[in-house]
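Analysis of the macromolecular model
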Amino acid sequence: MSFTPDEVMTVAAARKLTDRTVCFVGIGLPSTAANLARLTHAPRTVLVYESGTIGSKPATLPLSIGDGELAETADAVVPVPEIFNYWLQGGRIDVGFLGAAQIDRHGNLNSTVIGDYERPKVRLPGGGGAPEIAAMAKAVIVIIRQSQRAFVERIHFRSSVPGSGAMVVITDLGELRLDRDHRELVLTRTHPGVSVEQVWSETGWDLRVAGDLAETEPPSDDELRVLRRLKSAPEEATA
Amino acid sequence: MAELLRLDEAVRELVHDGDSVALEGFTHLIPFAAGHEIARQRRRDLTLIRMTPDLIYDQLIGMACARKLIFSWGGNPGVGSLHRFRDAVEQGWPAPLELEEHSHAGMANRYAAGAANLPFAVLRGYVGTDLMERSETVAPVTCPFTGETLIAVPAIRPDVGIVHGQRADREGNVQLWGIIGVQKEIVLASARSLVTVEEVVDELEPRPGAIVLPTWCITAVAEAPHGAHPSYAHDYYDRDNGFYQRWDAISRDRDRFRAWMEENVG
């Protein structure tokens, strides 16, 4: 089956989750990737949503992080102060998923403003759960489309900064890892048919490339079928 | 004892120009009917407090009810921007909007501190972010036992806290269930509180996972069937995701937004 850059990005992110991983999920691509993992190779992945649902097992992708199905299918529903204090800050989250509008070479993320904070060109939603997720999850997966606008030398606002855990960045072109020694993102994989030159041309800094650069295994038919079924469901539900 | 009032009476009595007001409900049980009543009564200069401003504050901001917003995530969940919020911040329309911006964890802890009658809450968070540098309401604090540096955020004590719940009895005891968010915290943290409910019943039957807000910690209860729409009330009606998607086009244009409010809210 042929596939789009967004599909290979989502599949690559899903593959990062091993079975029984406890995963703090944001809405959009992170939720899609985590549910794809749960419905393919990692059936016992535990999905935690910031609305306080622990162990949600939605059959269709929710539009928000608090859709009713997330509560109905959860193992437990807890208050919002508890989800952040006991479960995230308490060190119970293996993987936190984040998106952003901008990322810099150190893995700092901006989801707050484009331009000056006081007089923004574009006011974005803001940090939400991200500052604490980035700092406190044992590992962080960032999903972000790669472009000169997003991969910038200087982000306009630091909404979240990496904590002591591992950080992997999955894009529509490849995969990057935060190198702890140099506190800098390194390209570790390119997706099928993508060249390093292409990744460089969509990156706003001089991106380092790992010595053992690998290529992403193409999405399997099974992964694509499950992903497309997941993606089609919300539109059917709200048509 | 909570007074059982009509919604318009309750808002008239509890919400005044210039008040700090928190209408909470984390995706679920958002008190839209109460928000619409505030817009109808043309309240002004409010400090609006809410973790996720959502459509309810997009509407109040666009109707020029707000002077300041205290929040942590201002988007239309799963859809994109809150256009009235953006217009106020980017263009100052219909009025400039002062921002006090936090993370979700910070806001949740500020509410919990308010409910617990503490001046501030302690958490690990914010470190290294521009939220910390930008804000006068985030500060380092030293643990007196270990010497560790932690982060303090001040309690939020709104003048008025407003939430929605599934049902109340005739004494004004409120029962709510599903995603319970920060409903309890905001009622207990606020000087005055209003709870709107889907229905008032003779007796509250126990339900697994439900919490009860006793009548004596609530100022007023008002019946507002379908009062959380387009958000939802678990076991009553589902989230109207289609409306959240349609709001993007309705709210994008100033005139279309005002016309929609005129026609649907008044």
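Residues numbered from 1 in each chain as written. Chains lettered and ligands numbered in written order. Predicted model: local features only at pLDDT ≥ 70, side-chain atom pairs only at ≥ 80, totals over all residues.

1. Focus: the overall build of chain A
Our working definition: Segments assigned H or I by DSSP are reported as helices when at least four residues long, segments assigned E as strands when at least two residues long, and all are numbered from the N terminus. What the globule rule says is 2.2 Å times the number of residues to the power 0.38, and the radius of gyration is computed from C-alpha atoms. Counting other C-beta atoms within 10 Å of each residue's C-beta, where C-beta atoms are placed from the backbone, gives the exposure class: buried for 20 or more, exposed for 12 or fewer, partly exposed between. We call two residues in contact if the C-beta atoms placed from their backbones are at most 7 Å apart.
When its secondary structure is counted, chain A shows seven helices and 14 strands. Relative to the 2.2 N^0.38 estimate, which gives 18 Å for 239 residues, the radius of gyration of chain A is 17 Å and therefore close to what a compact globule would have. When its C-alpha atoms are laid out on the principal axes, chain A stretches across 45 × 45 × 35 Å. A total of 239 residues make up chain A; the buried ones form 55% of that total. In chain A, 66% of the contacts between residues at least 6 apart in sequence involve partners at least 24 apart.

2. A look at the overall build of chain B
Within chain B one finds nine helices and 15 strands. Sorting the 266 residues of chain B into buried and exposed places 54% on the buried side. Partitioning the contacts of chain B with sequence separation of at least 6, the portion at a separation of at least 24 is 74%.

3. Topic: the domain arrangement of chain B
All names here are of chain B. Rules: Throughout, the edges of the domains are those of an automatic or database domain assignment. Charged means Asp, Glu, Lys or Arg here, nonpolar means Ala, Val, Leu, Ile, Met, Phe, Trp, Tyr, Cys or Pro, and polar covers whatever is left, Gly included.
Assigned domains within chain B: domain 1 (3-102 + 157-251) and domain 2 (104-154). If you list the elements that add at least two residues to the side of domain 1 that touches domain 2, you get strand 7 (98-101) and helix 7 (183-189). Looking at the side of domain 1 that touches domain 2, the element that brings in the most residues is helix 7, giving four residues. Tallied by class, the residues present in the side of domain 1 that touches domain 2 amount to six nonpolar, two polar and four charged.

4. Looking at the interface of chain B and chain A
Between chain B and chain A, the contact holds 45 residues from the first and 37 residues from the second. Sorting the residues of the side of chain B that touches chain A by element identifies helix 4 (83-91), helix 5 (104-115), helix 6 (130-134) and helix 8 (241-252) of chain B as the ones contributing at least two each. Counting residues per element, the side of chain B that touches chain A draws most heavily on helix 5 of chain B, which supplies six residues. Among the residues making up the side of chain B that touches chain A, the classes are represented as 17 nonpolar, 19 polar and nine charged.

5. Structural notes on the sheet that holds strand 10 (residues 139-143) of chain A
Note the threshold: Pairs of strands are assigned from DSSP output, requiring at least two bridges between the strands.
Taken in spatial order, the ten strands make up an open sheet running 4-3-2-1-5-10-11-12-13-14 (chain A), and their pairing is mixed. Each of the sheet's edge strands pairs with one partner strand only, and the pair in question is strand 4 (76-77) and strand 14 (208-215) of chain A.

6. Structural notes on the sheet that holds strand 8 (residues 120-123) of chain B
All names here are of chain B. To keep it simple, the criterion reads: To obtain each axis, a line is fitted to C-alpha atoms, and for helices this fit is confined to the stretch in contact; angles are then taken between N-to-C directions over 0 to 180 degrees.
Spatially, three strands are ordered 8-10-9 in an open sheet, and the strand pairing comes out antiparallel. Looking along the sheet, the strands with just one partner apiece sit at the ends: strand 8 and strand 9 (139-142). Neighbour to neighbour, the strand axes of the sheet diverge by 45° on average, direction disregarded. Together, strand 8 and strand 10 (149-154) form the strand contacts of helix 5, whose direction differs from that of strand 8 by roughly 140°.

7. Section: the pairing of strand 9 of chain B
Remember that side chains alternate between the two faces of the sheet whenever the strand is regular. Residues and elements named next belong to chain B. In terms of strand pairing, strand 9 meets strand 10 through four bridges, oriented antiparallel. Of the residues in strand 10, the one forming a bridge with Val141 is Leu150. Connecting strand 9 to the next strand, strand 10, in antiparallel fashion are six residues, including Gly147 with a positive phi near 80°.

8. Points about the confidence of the model for chain B
How we decide: Confidence scores per residue from the predictor, reported as pLDDT, run from 0 to 100.
Per-residue pLDDT for chain B has a mean of 97; in total, 100% of the residues score no lower than 70. Interface confidence in the predicted complex, given as ipTM, is 0.96; pTM for the same model is 0.96.

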